[in-house]
Amino acid sequence: MLELIELHKSYNTSAGPLEVLKKVSLRVERGRSVSIVGPSGCGKSTLLNLIGALDRPDSGKVLLGGQNLTELDERALAAFRNRRIGFVFQLHHLLPQCTVLENVLLPTLAGGKAKESAISLQQRAMQILEKVGLADRAGELPGRLSGGQRQRAAVARALINRPQLLLADEPTGSLDEETAGSVIGLLADLNRRQKITLVVVTHSSALAARMDQMYELKKGMLSERGG
Ligand SMILES: Nc1ncnc2c1ncn2[C@@H]1O[C@H](COP(=O)(O)OP(=O)(O)OP(=O)(O)O)[C@@H](O)[C@H]1O
Ligand SMILES: [Mg+2]
């Protein structure tokens, strides 16, 4: 289960402190999916970064599977993040000089997974690429893929360490309707079949509607929306 308890986050800006998250609380049962919608600049990416332990709240707690992430030191946090959490960023952040397969394998390079052989990792990466429909493009560089294919490669990379939580920030932001539909279908399928908890930030009402629950972030607080 993912639990956020009264998260607060402000940034120092040239115009003084900016309170982005005021009191954000949320519970997501394991294997459930939620979408977070809200206008540009309201703090969605900020919130996702806190959930994924890429940044720390000023106060409040993030609990994942009973572990309080706000209590971990940097090293432990990095290891936890790498093992348990998958990220799909809007701009996918694939390394242009690495092939699709190498990109998918990147998260396995960082600590903790040394026990698994390179061959078995590679097999797992290929299985995942098959699942996202990119097995035949595994040896290609990202620059030679379409936008939707890159987005699917980013999903594959987020899955390689078998996360219990998948975070996606505007995963269909730059895609046409049909391609967006296939990425949405892929996320929903992973959530349902593999019981991966899914938190998706999106401007797409089609994507938001596919999740179990829909929340709106407004004035630094989350509220559930009937959908
Ligand atoms: N590192 C930072 N330092 C200062 N201000 C920041 C920083 N990161 C974000 N902000 C500000 O915090 C607010 C929330 O930003 P955030 O990126 O979370 O918004 P968002 O909801 O994801 O917007 P979008 O839909 O455009 O992606 C914005 O006003 C932004 O300018
Ligand atoms: Mg954002």
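All of these numbers come straight from a predicted model, not from anything done at the bench.

## What to know about the overall build of the protein
So, point 1. Counting secondary structure elements, the protein contains seven helices and 10 strands.
So, point 2. For 227 residues, the compact-globule formula gives about 17 Å, and the C-alpha radius of gyration of the protein, at 17 Å, lands near that figure.
So, point 3. Principal axes of the C-alpha set define a box for the protein whose edges measure 45 × 40 × 40 Å.
So, point 4. Buried positions account for 38% of the 227 residues belonging to the protein.
So, point 5. Across the protein, the fraction of contacts at a sequence separation of at least 24, relative to all contacts at a separation of at least 6, is 69%.

## Points about the site of ligand 1
So, point 1. Taken together, Tyr11, Thr13, Leu18, Val20, Gly38, Ser40, Gly41, Cys42, Gly43, Lys44, Ser45 and Thr46 make up the full set of residues near ligand 1.
So, point 2. Broken down by secondary-structure element, the contributors of at least two residues to the shell around ligand 1 are strand E1 (2-13), strand E2 (16-28) and helix H1 (44-51).
So, point 3. Among the elements that line the shell around ligand 1, the one with the most residues is H1, at three residues.
So, point 4. Of the residues belonging to the shell around ligand 1, the class tally is four nonpolar, seven polar and one charged.

## Quick look at H1
So, point 1. Across the eight residues that make up H1, a large majority, six, are buried.
So, point 2. One or two residues past the end of H1 sits Ala53, with phi positive at roughly 60°.

## Describing the sheet that holds strand E10 (residues 221-225)
So, point 1. One open sheet holds the six strands; their spatial order is E6-E7-E8-E3-E9-E10, and the pairing between them is mixed. Both outer strands of the open sheet, strand E6 (85-88) and E10, are each paired with one neighbouring strand and no more. With strand direction ignored, the average angle separating the axes of adjacent strands in the sheet is 20°.
So, point 2. Sheet contacts for H1: strand E3 (33-37), strand E7 (165-169), strand E8 (197-201) and strand E9 (213-218); angle to E8, the most-contacted strand, approximately 155°.

Conventions and cut-offs
Residues numbered from 1 in each chain as written. Chains lettered and ligands numbered in written order. Predicted model: local features only at pLDDT ≥ 70, side-chain atom pairs only at ≥ 80, totals over all residues. Helix = DSSP H or I, 4+ residues; strand = E, 2+ residues; numbered from the N terminus. Rg over C-alpha atoms; globule rule 2.2 N^0.38 Å. Buried ≥ 20, exposed ≤ 12 C-beta atoms within 10 Å, placed from the backbone. Contact = placed C-beta atoms within 7 Å. Near = placed C-beta within 6 Å. Nonpolar A, V, L, I, M, F, W, Y, C, P; charged D, E, K, R; others polar. Pairing = 2+ DSSP bridges. Axes fitted to C-alpha atoms, helices over the stretch in contact; angles between N-to-C directions.

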